[in-house]
Amino acid sequence: MQPNARRALTHLHKEILACTRCPLSRTRVTAVPGEGPADAEIMFVGEAPGRQEDAEGRPFVGAAGRLLGELLALTGLRRDRVYITNVVKSRPTDRTDGSNRAPHPEEVAACAPWLDQQLAIIQPRLIVTLGAYALNTFLPGKKVSKVHGRVFRSNGRTILPLFHPAAALYGLRREILHRDFRRVQEVFAEIGLRQ
């Protein structure tokens, strides 16, 4: 791990928690910077926090998070050895009914520097994108339905796009997610990551 990486990540998390770059800072309970070790070799990047994540200040702790935990276990990965974050660090919600919504482009743009700084500090050897928003952040114009499970190199990074675990809650067959997550195991063996 690079010297002071843990300290730099802790400082960055504090900055994210105080962020007011977009209107989501007025509707959130708390920002959700991400969690995991500063020397994580694998980074999972999702879309945005949901209601449960907003309440707890941790990524992927709701229903999709429970499924993510199962999928990580399937690959032999431990949650405490990977870094988990989102493209957008505050919950996008519609004030009228309080439901989750997709992030707006200006919200994604406001959070982009945070993700860039996380990548610079952690320097993961494998980035696993979960869903369309994360995929578009790293590989604009690609469709997750067409490229899930395939490895890409972009800007010196190894990227593995997968469906978001929430897709299984809305009809995607779990076998597809299981097959995709087995690819995580294969890819980190191919590029020599430690488990």
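As shown above, the structure is provided for reference.
So, here is what we can say about the structure in this document.

**A closer look at the overall build of the chain**
Okay, so step 1: When you go through the chain residue by residue, the secondary structure sums to nine helices and five strands.
Okay, so step 2: Across the chain, helices and strands are ordered from the amino to the carboxyl terminus as α-α-β-α-α-β-α-β-α-α-β-β-α-α.
Okay, so step 3: Here the chain has a C-alpha radius of gyration of 16 Å; the compact-globule value for 195 residues is 16 Å, and the two agree.
Okay, so step 4: The dimensions of the chain, computed from C-alpha atoms along their principal axes, are 45 × 45 × 30 Å.
Okay, so step 5: Within the chain, buried positions represent 50% of all 195 residues.
Okay, so step 6: Sequence-distant contacts, at least 24 apart, represent 71% of the contacts inside the chain between residues at least 6 apart.
Okay, so step 7: Counting every atom, the chain has about 9,400 Å² of accessible surface; 49% of that belongs to carbon and sulfur.
Okay, so step 8: Side chains of the chain carry 29 positive and 19 negative charges; the gap between the two charge centres is 3 Å.

**Here we look at the sheet that holds strand E3 (residues 126-130)**
Strand pairing in a sheet relies on backbone hydrogen bonds, with the paired strands running either antiparallel or parallel.
Okay, so step 1: Within the open sheet, the five strands sit side by side as E2-E1-E3-E5-E4. Their pairing is mixed. In the strand order of this sheet, the two ends are held by strand E2 (83-86) and strand E4 (152-154), each with one partner. Averaged over neighbouring strand pairs, the angle between their axes works out to 30° when direction is ignored.
Okay, so step 2: Two elements, E4 and strand E5 (residues 157-162), share three bridges in a ladder whose sense is antiparallel. Opposite Phe152, over in E5, you have Ile159 as the bridge partner.
Okay, so step 3: On the sheet, helix H9 (residues 174-190) packs against strand E1 (42-46), E3 and E5 and is oriented at approximately 165° with respect to E5.

**Quick look at the nonpolar core**
It is characteristic of soluble globular proteins that their nonpolar side chains tend to be buried jointly.
Okay, so step 1: With 56 residues, the main nonpolar core has Ile42, Phe44, Phe181 and Val184 as its most contacted residues.
Okay, so step 2: In terms of residue count, helix H5 (residues 105-122) provides more of this core than any other element does, seven residues in total.
Okay, so step 3: Excluding its chain neighbours within four sequence positions, the residues that come into contact with Phe44 are Leu72, Leu77, Val82, Tyr83, Ile84, Thr85, Val128, Leu130, Phe181 and Val184.

**Some thoughts on the side chain of Glu107**
Okay, so step 1: Its location among the elements puts Glu107 in helix H5.
Okay, so step 2: Residue contacts for Glu107: discarding those within four places in its chain leaves Cys22, Leu24, Val88, Pro92 and Arg101.

**Regarding helix H1 (residues 5-17)**
Okay, so step 1: Its 13 residues place the ends of H1 18 Å apart at the C-alpha level, agreeing with the 18 Å of an ideal helix rising 1.5 Å per residue.
Okay, so step 2: Those residues of H1 not exposed but buried are Ala5, Leu9, Leu12, His13 and Ile16. Projected down its long axis, H1 carries its buried residues within an arc of 105°, all on one side. Away from its buried face by more than 90 degrees, H1 exposes Arg7 and Lys14.
Okay, so step 3: Where H1 is buried, its residues touch E2 and H5.

What counts, and where the lines are drawn
- Residues numbered from 1 in each chain as written.
- Predicted model: local features only at pLDDT ≥ 70, side-chain atom pairs only at ≥ 80, totals over all residues.
- Heavy atoms only, no water.
- Helix = DSSP H or I, 4+ residues; strand = E, 2+ residues; numbered from the N terminus.
- Rg over C-alpha atoms; globule rule 2.2 N^0.38 Å.
- Buried < 20%, exposed > 50% of the residue type's maximum accessible area, 1.4 Å probe, protein only.
- Contact = heavy atoms within 4.5 Å.
- Areas by Shrake-Rupley, 256 points an atom, 1.4 Å probe, with all protein chains shown as cover.
- Lys, Arg positive; Asp, Glu negative; His and termini not counted.
- Charge placed at Lys NZ, Arg CZ, Asp CG, Glu CD.
- Pairing = 2+ DSSP bridges.
- Axes fitted to C-alpha atoms, helices over the stretch in contact; angles between N-to-C directions.
- Core = buried A, V, L, I, M, F, W, Y, C linked by side-chain atoms within 4.5 Å.
- Expected span 1.5 Å × (residues − 1).
- Arc of directions from axis to C-beta.

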